[in-house]
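Residue-level structural notes
Here are the chains, one letter per residue:
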Amino acid sequence: MATNSKFFDSIRIGTRKEDKKPAGPQCQWEGCEEIGTHKAPAGGAREGLYLHFCINHVREYNKNFNAFSGLSDEEIAKFQKNAAVGDRPTWTTTKNTTSRQTANQFARMRSGTAAYHNKIRDPLNLFEQTRARAEAATPTRRPRPLESKAFATLGIAANSTSDEIKSRYKELVKQHHPDANGGDRGSEERFREVVQAYQLLKTAGFC
């Protein structure tokens with residue numbers, strides 16, 4: 001065959017390929033010489049560290065894996081406590097005083113204490129006017145039988161205002177007090193009726 005033949009140019013001499021093993025760390029299982037192509041967590045307090053095993057030994061390792069291996073009882077208890085709240089910090093309710101302070105302020109506002117109203121100034125008397133309008137718009141309920149009797153005992157109409165009830169009560173107390181009548185028993189009985197009638201109306205919210 002001539003060296004300048006087209007067939008000569010097409011001849012290629014093949015080289016024998018050597019068997020190549022996949023590159024990587026050796027399996028860390030004792031006595032194994034395979035390549036450690038699979039990672040497994042080291043466990044214990046070694047977070048972020050991994051061991052390398054072949055496919056067969058990584059299965060064996062995972063089957064017997066214990067995340068708490070090498071940890072003390074206190075460390076295990078701490079982990080379980082943190083896991084119960086999603087590993088988020090918690091605070092005791094005694095340190096959250098905002099809601100308790102708000103409730104106390106609202107209670108002082110409802111009670112009308114001088115200290116609270118001195119703190120919350122109202123030079124234009126806007127809040128007081130609003131409250132007065134709300135009270136005026138609130139319909140007065142009809143008195144019950146005992147309450148009607150109490151109004152009659154005081155000698156005033158059932159639709160009397162709070163100031164009228166208080167004024168009439170003071171007037172009758174001065175008039176029928178035993179000390180003002182020389183210990184008259186009849187006046188003493190009348191005095192007792194007046195006091196009871198006023199207390200009933202006060203409890204019912206009429207004054």
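Everything discussed here concerns the structure shown above.
Summary of the structure given here. Quick caveat: nothing in here was measured; it's all calculated off a predicted structure.

Let's shift gears to the overall build of the protein chain. The helix and strand inventory of the protein chain stands at nine helices and two strands. Overall, the protein chain shows an N-to-C arrangement of helices and strands of α-β-β-α-α-α-α-α-α-α-α. Here the analysis covers contacts within the protein chain between residues at least 6 apart in sequence; of these, 34% occur between residues at least 24 apart. When the accessible surface of the protein chain is summed, it comes to about 17,300 Å², and 52% of that surface belongs to carbon and sulfur atoms.

The grouping of Lys166, Lys170, Lys174 and Lys202 at the surface amounts to a positive patch. According to the relative accessible area criterion, Lys174 is exposed, its value standing at 68%.

In contact at an axis separation of 9 Å, helix α7 (residues 145–154) and helix α9 (residues 185–204) are set at 135° when each is read in the N-to-C sense. The angle between α7 and α9 places the two elements in the oblique class. Seen from above, α7 lies across α9 with left-handed handedness. In this structure, α7 contributes Leu146, Glu147, Ala150, Phe151, Thr153 and Leu154 to the contact, and α9 contributes Arg190, Glu193, Val194, Ala197, Leu200, Leu201 and Ala204. Here the contact of α7 with α9 is built from residues that sort into nine nonpolar, one polar and three charged.

This paragraph deals with the nonpolar core. Side chains of nonpolar character tend, in soluble globular proteins, to be buried together. Membership of the largest hydrophobic core comes to 15 residues, with the highest contact counts inside it found for Phe151, Leu154, Ile165 and Leu201. Looking at this core, the elements with two or more residues in it are α7, α8 (162–176) and α9. If near-sequence neighbours (up to four positions away) are discounted, Leu154 is found in contact with Ile165, Arg168, Leu172, Val194, Ala197 and Leu201. Residues Cys32, Phe53, Val58 and Tyr61 belong to the second largest nonpolar core, which totals seven residues.

Take the pattern of salt bridges next. Opposite charge on two side chains allows them to pair when their charged atoms are near. Inspection of the entire model under this criterion finds five salt bridges. The residue Glu147 makes a salt bridge to Arg144 at a minimum N-O spacing of 3.5 Å. For Glu147, a relative accessible area of 6% puts it in the buried group. A salt bridge links Glu193 to Arg190, with the nearest nitrogen and oxygen atoms 3.9 Å apart. Note that Glu193 and Arg190 are positioned in helix α9 at a spacing of three residues, about one turn of the helix. The exposure class assigned to Glu193 is partly exposed, which follows from its relative accessible area of 35%.

Reading the values: the criteria
- Residues numbered from 1 in each chain as written.
- Predicted model: local features only at pLDDT ≥ 70, side-chain atom pairs only at ≥ 80, totals over all residues.
- Heavy atoms only, no water.
- Helix = DSSP H or I, 4+ residues; strand = E, 2+ residues; numbered from the N terminus.
- Contact = heavy atoms within 4.5 Å.
- Areas by Shrake-Rupley, 256 points an atom, 1.4 Å probe, with all protein chains shown as cover.
- Patch = residues over 30% accessible without salt bridge, like charges linked within 9 Å, V, L, I, M, F, W, Y side chains within 5 Å.
- Salt bridge = Lys/Arg side-chain N within 4 Å of Asp/Glu carboxyl O.
- Lys, Arg positive; Asp, Glu negative; His and termini not counted.
- Charge placed at Lys NZ, Arg CZ, Asp CG, Glu CD.
- Buried < 20%, exposed > 50% of the residue type's maximum accessible area, 1.4 Å probe, protein only.
- Axes fitted to C-alpha atoms, helices over the stretch in contact; angles between N-to-C directions.
- Parallel < 35°, antiparallel > 145°, perpendicular 65-115°, else oblique.
- Left-handed = near helix turned anticlockwise from the far one by under 90°.
- Nonpolar A, V, L, I, M, F, W, Y, C, P; charged D, E, K, R; others polar.
- Core = buried A, V, L, I, M, F, W, Y, C linked by side-chain atoms within 4.5 Å.

So far we have only geometry, and geometry alone does not tell us how the molecule works.
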